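The residues making up each chain are set out below.
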Amino acid sequence: MKMSRLIILVFITILGLILRLFYLDSRPVGFTWDEAALGYNAYSLLKTGKDEYGKVLPVVFKSFGDYKPGLYIYFTVPTVKFFGLNEFATRLPSAILGTLLILVVYLLTKNLYAPLLLAINPWAIHFSRGAWEANIALFLTTLAVLLFIKRRYLYSSLFFGLTFWTYQGAKMFTPLLILTLLIIYRPNIKKLILPVLLGLAMLIPLILNFGSQSGRLKVFSVFSYSGDLVRGITQRYLNHLSPKYLFMSGDWSNIRHSIPYYGYFHLPEIITILMGMIILLRANNQAAKLLIGWLLLAILPSALSRDIVSGVRSLPMLIPLVIMSGIGLSKLKFFYSPALLLSLILFVDLYFIHSPFFTAKDMLYPYKEALQIIEPYLKDYNRVIFTDKLGQPYIYTLFYYKIDPILYQSQNKFVDNANGDVGYVPSFEKFVFQKVDWRTQRGDSLTIFVGDSFELPEQDMNPVNLVRLGEVYYPSGLHALRIVALK
Amino acid sequence: MKKYIPILLILCLATVLRIWNITSSPSGLNADEAALGYNAYSLMLTGRDEHGHPWPVNLESFGDFKPAGYAYILIPFIKVFGFTEFAVRLPSVIFGVLGVLGIYLLTKELINWQTGQLAALLLAVSPWHLHFSRGAWEVNVSTTLIVLGMWLLIKWLKDPKLHYLLISNLYFLISIYTYQSSRVIVPLLGLGIFILFFKNFRVNYKQSLLSALLLVLLLLPLSLSLITTDAKSRLSGVGLLADSGPTERAKELRIQHGDLKSIPSKLLHNRPVQYGLRFIQNYLDHFDGNFLFVNGDVIERSKVPEMGLFYLTDFIFIIIGAMYLIRNSSFINRIIWLWLLVAPVASAMTFQTPHALRAFNMVIPMIIIISLGMYQVIKYKKLFVVLIVAIYAFQISDYLYKYHVRYPKEYPAAWEYGFKELVAYTESVKDKYPKIWVTDKYDQPYILFLFYSKYDPRKFQGNHTLSFRDKFNFSTVRDYDKYHFESAPWDKVRNQHSALIVAAPEDIPELGVDVIKTINFPNGLPAFKIVSN
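Let us look at the structure shown here. (Residues numbered from 1 in each chain as written. Chains lettered and ligands numbered in written order. Predicted model: local features only at pLDDT ≥ 70, side-chain atom pairs only at ≥ 80, totals over all residues. Heavy atoms only, no water.)

This brings us to the overall build of chain B. A tally of helices and strands in chain B yields 25 helices and eight strands. A compact globule built from 533 residues should have a C-alpha radius of gyration of about 24 Å, and chain B, at 25 Å, falls within 12% of that. Projected onto the principal axes, the alpha-carbon positions of chain B cover approximately 75 × 70 × 45 Å. Expressed as a percentage of its 533 residues, the buried residues of chain B come to 57%. Sequence-distant contacts in chain B: of pairs separated by 6 or more residues, those separated by 24 or more amount to 74%. Total accessible area computed for chain B in this model is approximately 22,300 Å², and 65% of it derives from carbon and sulfur atoms. Between the averaged position of the 52 positive side-chain charges in chain B and that of its 39 negative side-chain charges there is a distance of 11 Å. (Helix = DSSP H or I, 4+ residues; strand = E, 2+ residues; numbered from the N terminus. Rg over C-alpha atoms; globule rule 2.2 N^0.38 Å. Buried < 20%, exposed > 50% of the residue type's maximum accessible area, 1.4 Å probe, protein only. Contact = heavy atoms within 4.5 Å. Areas by Shrake-Rupley, 256 points an atom, 1.4 Å probe, with all protein chains shown as cover. Lys, Arg positive; Asp, Glu negative; His and termini not counted. Charge placed at Lys NZ, Arg CZ, Asp CG, Glu CD.)

What follows is the structure in structure tokens.
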């Protein structure tokens, strides 16, 4: 590699790293319960070698009953050890592997345009800035493809196998992608025996766990819902290829998956992607077939699931599209850079300045502040009634109070969901996680209440022994939670 | 002779599918159809439109200034077939069939005659094209004219004979006088072709100049009409700038910066940026697969329940066709790409997107690409013919069922059903009442009353006023003859003594009112309740 090329690549990687690390703890604002669960289970592993249920070194973590494949949690153990149990440490593995992905894409394409576009890509940045298992799976998948093309089949098999340990969606996409690779590159079968055996061996622990997860699969599959199936699946499939999804608004069905008013690619890339596609179609070589196959198959897991569109399940689309965009950009070169730069500025402004106003509610922003407010009062009260309206309050309590995992494992009161969806924890020590029923509970004593303004109406804040501990507001100024205590 | 048989059969099929049951499906004549019909009737009898303007270029109608082309085309049809629903819809049916012929001729010039036949067949059964061929839609006439104009223009590019160019220009011109969107699409298409084929125009500069002169001359009436009347107001009613959303968003984003006036927040968040983004979004919306193949438009008058604008499986062939076009690009078939890219521009300039009606001309390049894809598949393996025929036979019958059976039941109010029966009734009892009060819940009732009662245009022209414009820049007529059109909530009309009240069912209490007649929608639910006070 020429020196100048290396310098540019280093520069691109640093740019990507900055875009992924800058304000990592607070952008996206808030913290999802999945992130809190990943973080706390890593903490639990670090301290005890067991998950929150006391299971020793699991491959699949039960968590909320959604049975998370565990690799992300193992990646988080060292970061939690170095940086403590906090948002930054929990999100860091995703940010680091999201940055390393830039280098993998460089090795895959051997040009600098695709890595540059990946470094500044909104989709990649967003999913690298949160504890998303899918982002790790994306890195592993891309690395495995690179190794396959370089004919390192054993290593390739190892990383393909690891995707199964990382993310549910990989269970469908990884086999499809491997099949595509085999059809296009037709490797010598003798060389595949050992890699295949390795891959199968890696599946064993997952198969042993499978029985417990089937309920979850039912909840999320499109086949469990009524309506015209062919139309339903086609609609979902086409949604992922719509300009609205890719260039205007990203995943419009789930606010956690993107930021408002911005697509998954910069708008000017619509030209470069189309150009790249045209060039690939005309070339019609192995690489072109792989990229087009990859793109079309990456949508399938998402098209077959319940949601109308999903930015996380279709994340593998990112790689072929960014490579196509890179090919297109290599034709337009500097002529096009002002448009991209302008888009990047708009994106950074939206992401770091505006997004909290729109996403705070879906990102469960109020938990941290509420828990911080009640912390100094805990020793004076016997009970905390904490609303469960926002979902899974227990995991935030464990996470932000850094509850000793040994203590929690011994008194885990998790209740399973009969329909196979996620369950809940009703109480832990002084904490009771339920809706506040102020009419019957207003006569209590030595109790702290955390609830929204419907559960704790302003006009009813009048018992004589009432103490107001604080209010939590969203960045947009809307009221989020009210915290009061009865002496 | 033998080689013309397939296309003749296709044209027969197109005619049957378009004309079968045309008076009652779509069920009810909508206000725009009635307006075109009544204005044609008025022009035929008096040489003036309903509001008394002599030989207009645009019909003022509901203040929306419809291009008058369709009304002029209608005059001979009304002469021959009488002033009926059939006559009003017939020109669109005929132009629909001509469109099928047109796409055959066009594709034959662009690609080959086999693909041309396939394109004609696919257009003949296309849900999008069928929908807008059934009903007096100006857009259908205008689009067919663009197809024919384009066909002759390509013939001229290959073989520069003056009459090709002149007739082509004439088609384009009539298209401009027939539908609003064409006023954007046709110039853009013309400009695109002028740039792509600049050489041809330069070599034949005499012919080019002559046709340019003709164009300018024949566009004069339109320019005059735009200058002297309020016709340009249409765009301010439905145009992009009529939507205050982008302005609001710019404001919202600036507030979030904390400082409204700071330079960065002004530079990043302002009206040009927000409206620019909205235009791009509107434009791109038309390339949404969900809109094209699965769900179609959201406006009930432009959609059939659970149906896209194309058949579901068309998207497979459009991908194959597009891939083929990319791999085998020739200069002449760049016209297909040009058309596909230009087609949604006019629609994107308005604020209800994606819009199946305003972007209708997209159907032409899309069908050409689909037929190209299908032709490649058939050529690759003859066996696929059986499979494709089976799949499409199923989808076509499914569509026809949805259109003719489910559509009127599921969206009964989409087409203004019930007025025919209503007007026949009110006209028969008219002499007994000094005043007839009719609800305006269903769009523009006055024009349907004029249409179905064949009210003498001479009596109407001088004796009515148009109301002030609403927020979409529409006006209506509130009073003529004994009729008064206004919303009819019960507390407002209960004291109207010795009047006949035609109300929407939700305006009338269930009990204690003397309902003398009820008119039902095709699904059996009431459309009108008539009360005699």
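Residues and elements named next belong to chain A. Ordered in space as S4-S5-S3-S6-S8-S7, the six strands form an open sheet in which the pairing is mixed. Because the sheet does not close on itself, it has two edges, and the strands there are strand S4 (427-428) and strand S7 (466-473). Note: strand S6 (residues 447-451) against strand S8 (residues 479-486), five bridges, orientation antiparallel. Each residue of the ladder has a partner; that of Ile448, found in S8, is Ala485. Each of strand S3 (383-386), strand S5 (431-433), S6, S7 and S8 touches helix H19 (residues 366-374); the most contacted strand, S7, lies at about 155° to it. (Pairing = 2+ DSSP bridges. Axes fitted to C-alpha atoms, helices over the stretch in contact; angles between N-to-C directions.)

Glancing now at the pairing of strand S6 (residues 499-503) of chain B. Residues and elements named next belong to chain B. The element S6 is largely enclosed, with a buried count of five among its five residues. Side chains Ala499, Ile501 and Ala503 of S6 all project onto a buried face; the interleaved residues Leu500 and Val502 project onto the opposite face, where all are buried too. Pairing analysis gives four bridges linking strand S3 (residues 435-438) to S6, with the strands arranged parallel. Its bridge partner lying in S6, Ile436 is registered against Leu500. With four bridges connecting them, S6 and strand S8 (residues 526-532) associate as antiparallel partners. Paired with Leu500 across the two strands is Ser532, which belongs to S8.

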